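As a plain string of letters, each chain reads:
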Amino acid sequence: MNQEKIGRFLKQLRMEKQLTQEKLSETLGVSRRTVSRWETGNNLPDLSILVELADFYDVDLKEIFAGERNQNMMNEEEKDTLKQAAAYTEQRKKKIMRRMHILFIIGCISMACYLLILFFGPEQSTPLSDFFKGVSLGIAAGMIVVGTIMTSSHADAIVAWKTDHGIIRSTARQ
């Protein structure tokens, strides 16, 4: 798959519709910069957005992946399958984001507990207050590390490695 060719094709399709990158970005709910990255071949849209683009431009997904017009159109069954795959991908992303929000909330609560104990705890440090400060700070720091990793570009590679080594279930079985 040639990303640059796909990008040129997406730009061609946009120009045929006489749209600016700004107008297309508003229609799709993404930034203009994201559209620009697609059209230069730096990034590709998510599958769900590719399906949306194919419908919007009235082209086949095969054409987008090929980066050129093709006379052999995709049948409805193939289109349905790809739409289901896109919906599954979107559902999976939402599930991961929900988990990230929960972890973020746990981290915030832990940090708040740490600060409460630090500023409003006993004047003289006790083993119990030190224990709770350490646990709270540890959880908060852990959530920051997990959040940083999961929102980085390395998250997909980590999930793939864990799946390959049987540490987590594959996405097909989740």
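Structure: see above.
Residues numbered from 1 in each chain as written. Predicted model: local features only at pLDDT ≥ 70, side-chain atom pairs only at ≥ 80, totals over all residues. Heavy atoms only, no water.

(A) Quick peek at the overall build of the protein. Secondary structure assignment for the protein yields eight helices and zero strands. Going from the N terminus to the C terminus, the protein shows its helices and strands as α-α-α-α-α-α-α-α. A compact globule built from 174 residues would reach a C-alpha radius of gyration of about 16 Å, whereas the protein, at 23 Å, exceeds it by more than 25%. A principal-axis box enclosing the C-alpha atoms of the protein has dimensions of 80 × 40 × 25 Å. With 174 residues in all, the protein has 24% of them scored as buried. Positive and negative side-chain charges in the protein, numbering 23 and 21 respectively, have mean positions lying 4 Å apart. (Helix = DSSP H or I, 4+ residues; strand = E, 2+ residues; numbered from the N terminus. Rg over C-alpha atoms; globule rule 2.2 N^0.38 Å. Buried < 20%, exposed > 50% of the residue type's maximum accessible area, 1.4 Å probe, protein only. Lys, Arg positive; Asp, Glu negative; His and termini not counted. Charge placed at Lys NZ, Arg CZ, Asp CG, Glu CD.)

(B) Focus on empty space enclosed by the protein. Using the criterion set out here, one finds one cavity of 30 Å³ or more in the structure. Volume-wise, the largest cavity comes out at about 60 Å³. Along its surface, the largest cavity is lined by Val51, Ala54, Asp55, Val59, Leu61, Lys79, Leu82 and Lys83. For the lining of the largest cavity, the elements supplying multiple residues, two or more each, are α4 (47-57) and α6 (76-120). (1 Å grid on protein atoms, 1.4 Å probe; cavity = no way out; pocket = protein on both sides within 12 Å on 5 of 7 lines; lining within 4 Å. Points joined across faces, edges and corners; volume = space filled by probe spheres on them.)

(C) Molecular detail of the packing of aromatic side chains. Enumeration over the complete set of coordinates arrives at two aromatic pairs. On the basis of an interplanar angle of 65 degrees and a centroid distance of 5.3 Å, the ring pair of Phe56 and Tyr57 is categorised as edge-to-face. Under the relative-accessibility criterion, Tyr57 is labelled buried at 7%. A centroid spacing of 5.4 Å and a plane angle of 70 degrees characterise the contact between Phe131 and Phe132, whose relative ring orientation is edge-to-face. A relative accessible area of 40% means that Phe132 is categorised as partly exposed. For Lys17, the ring lying beneath its charged end belongs to Phe56, and the centroid distance is 4.9 Å. (Phe/Tyr/Trp six-rings, centres within 6.5 Å; stacked < 30°, edge-to-face > 60°. Lys NZ or Arg CZ within 6 Å of the ring centre and 35° of its normal.)

(D) Representation of the pattern of salt bridges within the structure. In total, this model carries four salt bridges according to the counting rule given. In this structure, Lys133 and Asp130 form a salt bridge, with 3.9 Å as the shortest nitrogen-oxygen distance. With Lys133 and Asp130 both in helix α7 (residues 127-150), this residue pair falls three residues apart, about one helical turn. For Asp130, a relative accessible area of 38% gives the class partly exposed. (Salt bridge = Lys/Arg side-chain N within 4 Å of Asp/Glu carboxyl O.)

(E) Molecular detail of the layout of surface pockets. Estimated volume of the second largest pocket: approximately 150 Å³. Looking at the second largest pocket, the residues that line it are Met100, Leu103, Phe104, Gly107, Cys108, Met111, Ala140, Met143, Ile144 and Gly147. Secondary structure elements with two or more residues in the lining of the second largest pocket: α6 and α7. Top element by residues in the lining of the second largest pocket is α6. It accounts for six residues. A class-by-class count of the residues in the lining of the second largest pocket yields eight nonpolar, two polar and no charged. (Nonpolar A, V, L, I, M, F, W, Y, C, P; charged D, E, K, R; others polar.)

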